[in-house]
Amino acid sequence: MKIANKDGFKWGEKAYLIGHEFGLICVAYGNHENEAIDNAVDAGYMDSERMSDADHDEYDANGWYDSFLYAGNASEPFWCEYLWIKPASERERVA
């Protein structure tokens, strides 16, 4: 299991599960969902969701802003159409 910022956990942060249509990508910590996504991006775990420059130019020109988000310290574009995030406390137990 990939855990973003596992050495940088700070008091009060929550664990979030981040995934897409194929399942869990990683667990990331943050004070809120956006911070957890930024930490996952900065750790390199969201590279599979990074948009190409050509795709970003097309989607930005057409105003399809609900299909991508800017994340990480570099504010790079990432696909978010199938992305999901939820607190780890809401995970389901599997027998």
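Residues numbered from 1 in each chain as written. Predicted model: local features only at pLDDT ≥ 70, side-chain atom pairs only at ≥ 80, totals over all residues. Heavy atoms only, no water.

1. Here we look at the environment of M51
Part 1 of the reasoning: Position of M51 among the secondary structure elements: in the loop between α1 (33-42) and α2 (53-62).
Part 2 of the reasoning: We classify M51 as buried; its relative accessible area is 5%.
Part 3 of the reasoning: The sequence separation of M51 and L69 amounts to 18 residues, and the corresponding C-alpha distance is 9.6 Å. (Helix = DSSP H or I, 4+ residues; strand = E, 2+ residues; numbered from the N terminus. Buried < 20%, exposed > 50% of the residue type's maximum accessible area, 1.4 Å probe, protein only.)

2. Examining the packing of aromatic side chains
Part 1 of the reasoning: By the definition in use, this model includes four aromatic pairs.
Part 2 of the reasoning: With 5.0 Å between their ring centres and 80° between their planes, Y59 and W64 make a pair best called edge-to-face.
Part 3 of the reasoning: For Y59, a relative accessible area of 17% gives the class buried.
Part 4 of the reasoning: Taking the relative accessible area as the measure of exposure, W64 reaches 38% and is therefore partly exposed.
Part 5 of the reasoning: Taken together, the ring pairs connect Y59, W64 and W79 into an aromatic cluster.
Part 6 of the reasoning: Taking the ring centre of W84 as reference, the NZ or CZ of K86 above it sits at 5.8 Å. (Phe/Tyr/Trp six-rings, centres within 6.5 Å; stacked < 30°, edge-to-face > 60°. Lys NZ or Arg CZ within 6 Å of the ring centre and 35° of its normal.)

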